[in-house]
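Inside the fold
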Amino acid sequence: MTGDIATRATALLNFHPDPADRIIVATAMAGHQLVTADRRILESSGTAQCLNAAQ
């Protein structure tokens, strides 16, 4: 994890408080694509590049 990802993780607004999910989403926001079936992440990931694995 980089300092940029840590900063993004703590700055996520309207996102649930799970720190692991925050780091995962912040990593996706830093230019990586996230594939997940986690509804909480899919519904509140903001500008992260997410693909729904449940489809």
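What counts, and at which threshold
Residues numbered from 1 in each chain as written. Predicted model: local features only at pLDDT ≥ 70, side-chain atom pairs only at ≥ 80, totals over all residues. Heavy atoms only, no water. Helix = DSSP H or I, 4+ residues; strand = E, 2+ residues; numbered from the N terminus. Contact = heavy atoms within 4.5 Å. pLDDT = per-residue confidence, 0-100. Core = buried A, V, L, I, M, F, W, Y, C linked by side-chain atoms within 4.5 Å. Buried < 20%, exposed > 50% of the residue type's maximum accessible area, 1.4 Å probe, protein only. Salt bridge = Lys/Arg side-chain N within 4 Å of Asp/Glu carboxyl O. Polar contact = N/O pair within 3.5 Å; in protein donor to acceptor, adjacent residues only side chain to side chain.

**Some points on the side chain of His16**
Positionally, His16 belongs in the loop between helix H1 (3-11) and helix H2 (19-29). Excluding its chain neighbours within four sequence positions, the residues that come into contact with His16 are Asp21, Arg22, Arg40 and Ile41.

**A short note on the confidence of the model for the protein chain**
Scored by pLDDT, the protein chain has a mean of 91; 98% of the residues are at 70 or more. Of all the helices and strands in the protein chain, helix H3 (residues 39-44) carries the lowest mean pLDDT, 88, while H1 carries the highest, 95.

**Some thoughts on the nonpolar core**
The biggest cluster of nonpolar side chains holds seven residues, and these are Leu12, Phe15, Val25, Ala28, Leu34, Ile41 and Ala48. When neighbours within four sequence positions are excluded, Ala28 is seen to be in contact with Leu34, Ala48 and Gln49.

**Re the pattern of salt bridges**
Within the structure shown, the criterion is met by two salt bridges. Asp4 is paired through a salt bridge with Arg8; the nearest N and O atoms lie 3.0 Å apart. Of the two residues, Asp4 and Arg8 are both situated in helix H1; the distance of four residues between them amounts to about one turn of the helix. Its relative accessible area of 30% is what places Arg8 among the partly exposed residues. For the salt bridge of Asp21 with Arg40, the shortest nitrogen-to-oxygen distance reads 3.8 Å. With a gap of 19 residues between them, Asp21 in helix H2 and Arg40 in helix H3 connect regions that are remote in the sequence. Judged by its relative accessible area of 8%, Asp21 is buried.

**Remarks on unusual backbone geometry**
Only a minority of non-glycine residues have a phi that is not negative, and only a minority of peptide bonds are not trans. Of note in this structure, Asn14 is not a glycine but carries a positive phi near 55°. Here Asn14 lies in the loop between H1 and H2. You can call Asn14 exposed: its relative accessible area is 79%.

**Topic: the side chain of Thr36**
Tracing the sequence through the fold places Thr36 in strand E1 (residues 33-36). On the basis of relative accessible area, Thr36 is assigned to the buried category, the value being 12%. Polar contacts involving the side chain of Thr36 include one to the main-chain amide nitrogen of Asp38, which spans 3.0 Å. Setting aside its immediate chain neighbours within four residues, Thr36 contacts Ile41, Leu42, Leu51, Asn52, Ala53 and Ala54.

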